[in-house]
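# What the coordinates show
Each chain, letter by letter, is given below.
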Amino acid sequence: MSQKARWIDWDQQRLTSHFGVDPHRGLSMSDAEKRLHHVGRNQLVEGEKISLWALFLDQFKDFMVLVLMGATLISGLLGEYHDAIAIIAIVILNAVLGFVQEIKAEKSLAALKKLSAPGAKVLRNGEWNRIDAADLVPGDIVALESGDRVPADLRLLRADNLYLEESTLTGESVPVNKSAETLAKADLPIGDRKNMVYMSTMVVRGTGTGVVVQTGMETEMGRIAHLIQHTESSETPLSRRLEQLGKILIVIALILTAVVVITGIIHGHDAYKMFLAGVSLAVAAIPEGLPAIVTIALAMGVQRMIKRRAIVRKLPSVETLGCATVICSDKTGTLTQNKMTVTHTYLDARVFELESSQLNSETWKRMIEIGILCNNALLQRKPAKKLLKRKQDNWKVDGDPTEAALLIIGAKQGIWQDELLHDWTRVKEFPFDSQRKMMSVVYQHRDGRQVIFAKGAPDVLLDRCSHQMQRGKTSPFTLAHKRSVSTMNERLASMALRNLAFAYRELGNASERQLSEGQIERNLTFVGLVGMIDPPREEVRGAIQRCRQAGIRTVMITGDHQATAQAIAHQLGIIRPQGLTVSGSDLYNMSDKEFQHKVEEIDVYARVSPEHKIKIVQALQAKGHVVAMTGDGVNDAPAIKAADIGIAMGKSGTDVSKEASSLVLADDNFSTIVAAIEEGRSIYDNIRKFIAYLLASNVGEILVMFLAMLAGLPLPLVPIQILWVNLVTDGLPAMALGVDPAEGDMMQRSPRNSRESVFARGIGWKIITRGLLIGFWSLAAFLVTYYEAPQNLSLAQTVAFATLVLSQLIYVFDCRSTGSIFQRNPLSNIPLVLSVILSVVMLLVVIYYPPLQPIFHTVSLGLREWILICVTSTLPVILAGLVDQVRIVQRKLQLGR
Ligand code: ATP
């Protein structure tokens, strides 16, 4: 007999006493803590962690660093110790920077992982609470519902229509029906252990509770954990494309470098110097750090998103966010507050407003009874001695807000859940899911009667009713009655109310009690309706408007009634003047072609089931849209996966939907999606900004050297100066561009085309023009100084060095705008200003600090030189900015005409 299977033939009594737990109160907090200390956290041990040393040494494996190390060695061998020390210092500095960045990225990824850690609903000290699944211990009582990932290995104590998908463990994808019954024998294969559920398998239907028997690596999953461990790569399409681009640039840079070196040698330059110049130039010209900086910019953006309550699960989706053209959003909880309050009821053929009516009829009491019993929320009364001012403060409700609202209505009428449960014991549940849009429960009264209580969407439940209750009496439910109830339902729904119908039936003989879901929920007696308000979230209207300005359409998809959906969509400004509303059944009857034809006009989908969502995603995608789609239930997972950006709800979403998603909303709020899109656009813009900066700088650096060599001039920059520019001048401001605040008009532009090149919209033009200008003017500054004092080459080189550095540091402000440099206040990015100041100070240190002068081949500069440097570094960017400005004004005039 397998050791792991020993609990399956124990009865529940033996099981709970073995684990020392009261099944009605759970473990005590202190006991749970002790156990946690003893057995450890409920986690699968991850693969070996890479040590800090290994991470640091990794930095030296880069190809370019190896080339530099080779250069150091050669310099050393030739006795050029100054060069060797300077290069090695730069290599180490580079490694430290890379190391720090990597640790930062790792930390943010770990934080992300923590945020998306699974939870578990556990009973401790007699209260149900949600805790981190890692804190579960053997003996804990855990509740399961559809959409949950099972958090540990459990032996079931209760199972209602519970189905699990265990393919991760057994390979079998057909859901298995579980039960809480004790099995006769213990040596059964996993697939047949009906009263056990295992960590990482998924609840696809029903509810249940169980006692934790194994946690962490002791679970069945733990035993095979090493087989399934995998790390998700953080590579994004953009970093992949940049890597390819990098490869092309490497080839170009190497060719140009070879030309520079060869022409230099032909013109009589020293071979060693030319070799070092070639190495430095190659290192400086190749944007090897680009993919890394992209990853860092994405990771920092992800951190900013977390602050705005959007948790990115897949890094590439940050890029896609900026391309979104349609957001398909659920209604309840995302667009609305999910704070349900019952305001109206329809019974005994009349509508009552609860605020102003005193209801006391038999029918009303029966309806409340059904509402309380056919309910999985929990109402806890506060101790009476704490007499509180408001009635609401006397209780606390946990669970689905729709159901909680029903418990509260009961409590207000003095009908309490705990009192009803004295008389009634639950026998069976046929759970709610958004496909069936109803639920029912079978209860047994103390006197032996069994009754089925049902509640659900009126249009679904009415079809299952054959009788009705009016003024305490039952009578046949005629077609005419049904019609008038439907009319009332429509009327309440058009007031933006969410409606529920209630029904029941006494179960007679034993055979009737054994009926299945489809058969037992028939011939019910209709009792009445309630309508509840769920006010829209206040900030959503504005967010929808902002989306519209940004060229993004918002579509509402809801399981609720068409009239309710339409009323809320109107309040929120989702429906456009010619916008259509369609229902799930309309969709069902439409061919794919017809649907695609209409999809652009539809703003609201009502009474849809999860399987319709995927049809909607596909139709929109076929029209070329980039679709963001929200979902929370287990059945939403396929649509979330199919969407370009799958979005799950952090609070109300199931584990399964979260796993399928690329973005999780910590507050379930629609506005958070818009915030994430804003961040996504801004991150992409920033990536383009530093690409523009780095590449133009590289073009400038190569050009100075290239032109000088072609013209047979002396070297305008010494190798160590080039390495300095590459590390300090290029590195720091580029990082600061990564956190640049968004441009004001960012959310007034239409979404970017997902196939667009990073060089589109002016960036390629900027790189070439600014690169040429920077290179050309640095060379000009060099030439002017050189021809004035040909004997003092170091002076001319220092001038060229300072010009190159300064013109890049001015150009960095130009990169912040898609228009011209004058369009943005330079002080709006303080980190950038600071990094520029720091770079200038470091430049001055290198030029004026005597011990560094021989290393960097610099000499102190006078006022004359500084005037020349300032003019040659400022003019090109300013002139180019003026040209841009003129072009912008011209375009505006043309548009205005
Ligand atoms: P959304 O998809 O926007 O979240 P929703 O939450 O209104 O919409 P569902 O939860 O699928 O959609 O609910 C659909 C219908 O089912 C509701 O209009 C309501 O009539 C009924 N319903 C909702 N919750 C329950 C429940 N707990 N028990 C019985 N019926 C319910």
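Values in this document were obtained by computation on a predicted structure and should not be read as measured data. (Residues numbered from 1 in each chain as written. Predicted model: local features only at pLDDT ≥ 70, side-chain atom pairs only at ≥ 80, totals over all residues. Heavy atoms only, no water.)

## Examining the packing of helix α28 (residues 763-788) against helix α29 (residues 793-814)
To keep it simple, the criterion reads: Between N-to-C directions, angles cover 0 to 180 degrees, with each direction set by a line fitted to C-alpha atoms, over the stretch in contact for helices. Numbered from the N terminus, helices here are DSSP runs of H or I no shorter than four residues, and strands are runs of E no shorter than two. When describing relative orientation, an angle under 35 degrees is termed roughly parallel and one over 145 degrees roughly antiparallel, while 65 to 115 degrees is termed roughly perpendicular and anything else oblique. Here a crossing is called left-handed whenever its near helix is offset anticlockwise from the far helix by less than a right angle, and right-handed whenever the offset is clockwise. What makes two residues a contact is simply this: any of their non-hydrogen atoms within 4.5 Å. In this count, Pro and Cys sit with the nonpolar residues alongside Ala, Val, Leu, Ile, Met, Phe, Trp and Tyr, while Asp, Glu, Lys and Arg are called charged and the others, Gly among them, polar.
Where α28 contacts α29, the axes come no closer than 8 Å and their chain directions differ by 155 degrees. Overall, the two elements α28 and α29 adopt an arrangement that is roughly antiparallel. The handedness of the crossing between α28 and α29 comes out as right-handed. Touching Lys-766, Arg-770, Ile-774, Trp-777, Ser-778, Ala-781, Phe-782, Thr-785 and Tyr-786 of α28 are Leu-793, Leu-795, Ala-796, Gln-797, Val-799, Ala-800, Thr-803, Leu-804, Ser-807, Gln-808, Tyr-811 and Asp-814, all from α29. Of the residues assigned to the contact of α28 with α29, the class counts are twelve nonpolar, six polar and three charged.

## Digging into the domain arrangement of the chain
Just so we agree on the cut-off: Domains are outlined according to an automatic or database domain assignment.
The domain boundaries assigned to the chain delineate domain 1 (12-27 + 117-227), domain 2 (248-308 + 681-743 + 757-896), domain 3 (310-337 + 537-668) and domain 4 (341-533). Computed over C-alpha atoms, the centres of domain 1 and domain 2 are 61 Å apart.

## Re the site of the ligand
The condition is simple: Here a residue counts as near a molecule or strand whenever at least one of its heavy atoms sits within 4 Å of it. The term polar contact refers here to a pair of N or O atoms within 3.5 Å; inside protein, the definition further demands a hydrogen-donor-capable atom paired with an acceptor-capable atom, and it admits residues adjacent in sequence only when both atoms are side-chain atoms. Only the protein chains shown count as covering a residue, and every accessible area follows the Shrake-Rupley method with a 1.4 Å probe.
Near the ligand there are 20 residues, and of these Lys-331, Thr-332, Arg-498, Asn-499 and Asp-560 occur at the shortest range. The backbone of Lys-331 places a nitrogen or oxygen atom 2.6 Å from an oxygen atom of the ligand. Contact between the ligand and Asp-400: a nitrogen atom at 3.4 Å from a side-chain N or O atom of the residue. Protein contacts shield 92% of the accessible area of the ligand, which totals 620 Å² for the unbound molecule. Taken together, the elements giving at least two residues each to the shell around the ligand come down to β16 (450-456) and β19 (498-507).

## Overview of the packing of aromatic side chains
Convention followed: Any two of the Phe, Tyr and Trp rings considered here, Trp counted by its six-membered ring, make a pair once their centres fall within 6.5 Å; the pair's planes then place it as stacked at under 30 degrees, edge-to-face at over 60, or tilted in between.
Applying the stated criterion across every chain, the model contains eleven aromatic pairs. Look at Trp-424 and Phe-453: their rings are 5.4 Å apart centre to centre, the planes differ by 80 degrees, and that puts the pair in the edge-to-face class. Of this pair, Trp-424 sits in strand β14 (residues 424-430) while Phe-453 sits in strand β16, and the two are 29 residues apart along the sequence. Measuring from centroid to centroid gives 5.3 Å for Trp-724 and Phe-856, while their planes differ by 80 degrees, and the two rings are edge-to-face.

## Details of the side chain of Ser-778
We apply this condition: Three labels apply to residues, based on accessible area from a 1.4 Å probe with only protein chains included: buried if under 20% of the type maximum, exposed if over 50%, partly exposed otherwise in between.
Here Ser-778 shows up in helix α28. Judged by its relative accessible area of 1%, Ser-778 falls in the buried class. Other than its neighbours up to four places away in sequence, Ser-778 contacts Val-704, Ala-800, Thr-803, Leu-804 and Ser-807.

## A short note on the environment of Leu-73
Secondary-structure assignment places Leu-73 in helix α4 (residues 63-77). A residue is classified by how much of its surface remains accessible, and Leu-73, at 57% relative accessible area, is exposed. Separated by 327 residues in the primary sequence, Leu-73 and Asp-400 have C-alpha atoms spaced 70 Å apart.

## Concerning the nonpolar core
Note the threshold: Residues enter a nonpolar core if they are buried and are Ala, Val, Leu, Ile, Met, Phe, Trp, Tyr or Cys, with the set joined through side-chain atoms within 4.5 Å.
With 135 residues, the main nonpolar core has Phe-670, Ile-687, Phe-690, Ile-691 and Tyr-693 as its most contacted residues. At 21 residues, the largest contribution of residues to this core is made by helix α26 (residues 670-710). The contacts of Ile-691, once residues within four sequence positions are left out, are Leu-242, Leu-290, Ala-696, Val-758, Phe-759 and Ile-767.

## Section: the state of the cysteines
The line we're drawing: The criterion for a disulfide is a pair of cysteine sulfur atoms lying within 2.5 Å.
In the structure shown here, the tally under the stated rule is zero disulfides. In this structure Cys-328 is not part of a disulfide, and its nearest cysteine sulfur, from Cys-547, lies 12 Å away. The buried category is assigned to Cys-328, whose relative accessible area is 0%. Cys-374 carries a free sulfur, and the closest cysteine sulfur to it, the one in Cys-465, is 12 Å from it. Taking relative accessible area as the criterion, Cys-374 reaches 0% and is therefore assigned buried.

## Concerning a nonpolar patch on the surface
Let me state the cut-off plainly: Within this analysis, patches are made of residues with over 30% relative accessible area and no salt bridge. Like charges are joined at 9 Å or less; nonpolar side chains (Val, Leu, Ile, Met, Phe, Trp, Tyr) at 5 Å or less. By definition here, a salt bridge exists when the distance from a side-chain nitrogen of Lys or Arg to a carboxyl oxygen of Asp or Glu is within 4 Å.
A contiguous nonpolar patch, built from Phe-822, Leu-863, Ile-867, Val-871, Leu-875, Leu-879 and Leu-882 and spanning about 650 Å² of accessible area, is present on the exposed surface. Within the secondary structure layout, Val-871 lies in helix α32 (residues 863-896). Residue classification places Val-871 among the partly exposed positions, given a relative accessible area of 40%.

## Some words on the sheet that holds strand β25 (residues 645-649)
Either a parallel or an antiparallel arrangement is found when strands of a sheet pair, and the pairing is made through backbone hydrogen bonds. Note the cut-off: By definition, two strands form a pair when at least two bridges between them are found by DSSP.
Ordered by their spatial adjacency, eight strands build an open sheet running β8-β26-β25-β24-β9-β21-β23-β22, and the pairing between neighbours is mixed. One side of each edge strand has no neighbouring strand; the edge strands of this open sheet are β8 (310-312) and β22 (580-583). Strand-to-strand, the axes of this sheet are offset by a mean angle of 20 degrees, without reference to chain direction. Two strands pair when backbone bridges link them, and strand β24 (residues 627-631) and β25 are joined in this way by four bridges, in the parallel orientation. Bridging across to β25, Thr-630 finds its partner in Ile-647. Contacts from α26 reach β8, β9 (326-330), β21 (553-557), β24, β25 and β26 (663-665) within the one sheet, and its direction differs from that of β9 by about 155 degrees.

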